[in-house]
Amino acid sequence: MRACTNSQQELHEGLVGPAHAAAIEEARRLGAAGWKVNGAGGSGGSLTLVAGSSATSATAPALARALGALDAGWTVLELAPSRVGVVVEELPMR
């Protein structure tokens, strides 16, 4: 994730916008395990952060609080991997 974001910045500095860069710097400071700018990048798109797994790493709630303090307009979704994957159920026709 980090390598991809670094590559985006190397392609063109505008692909990782100032808001994303500030969030990444805060995530780095808190010990996040990874980050990736997605979508349009620049001033659009989204940012995925991965909380660390060690005692010195940021937890998901700590990252969410820090990002909210950076920009109250951001929407933070705390997501976790599913142990069972996606389940598709077919509903009966009415």
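Please read all numbers here as calculations on a predicted model, not as lab measurements.

On to the nonpolar core. Of all hydrophobic cores here, the largest spans eight residues; its members are V16, I24, A27, A32, W35, V37, A58 and L63. Where this core is concerned, the elements lending two or more residues are α2 (18–30) and β1 (34–38). Ignoring any residue separated from it by four or fewer positions in sequence, one finds V16 in contact with T5, Q8, Q9, A21, I24, V37 and G42.

The next subject is the pattern of salt bridges. Taken as a whole and judged by the stated rule, the model has two salt bridges. With a shortest N-O distance of 2.6 Å, R29 and E26 are connected by a salt bridge. Here R29 and its partner E26 are both found in helix α2, three residues apart, which amounts to about one turn of the helix. Classification of E26 by relative accessible area gives buried; the value is 18%.

Thresholds, definitions, all that
- Residues numbered from 1 in each chain as written.
- Predicted model: local features only at pLDDT ≥ 70, side-chain atom pairs only at ≥ 80, totals over all residues.
- Heavy atoms only, no water.
- Core = buried A, V, L, I, M, F, W, Y, C linked by side-chain atoms within 4.5 Å.
- Buried < 20%, exposed > 50% of the residue type's maximum accessible area, 1.4 Å probe, protein only.
- Helix = DSSP H or I, 4+ residues; strand = E, 2+ residues; numbered from the N terminus.
- Contact = heavy atoms within 4.5 Å.
- Salt bridge = Lys/Arg side-chain N within 4 Å of Asp/Glu carboxyl O.

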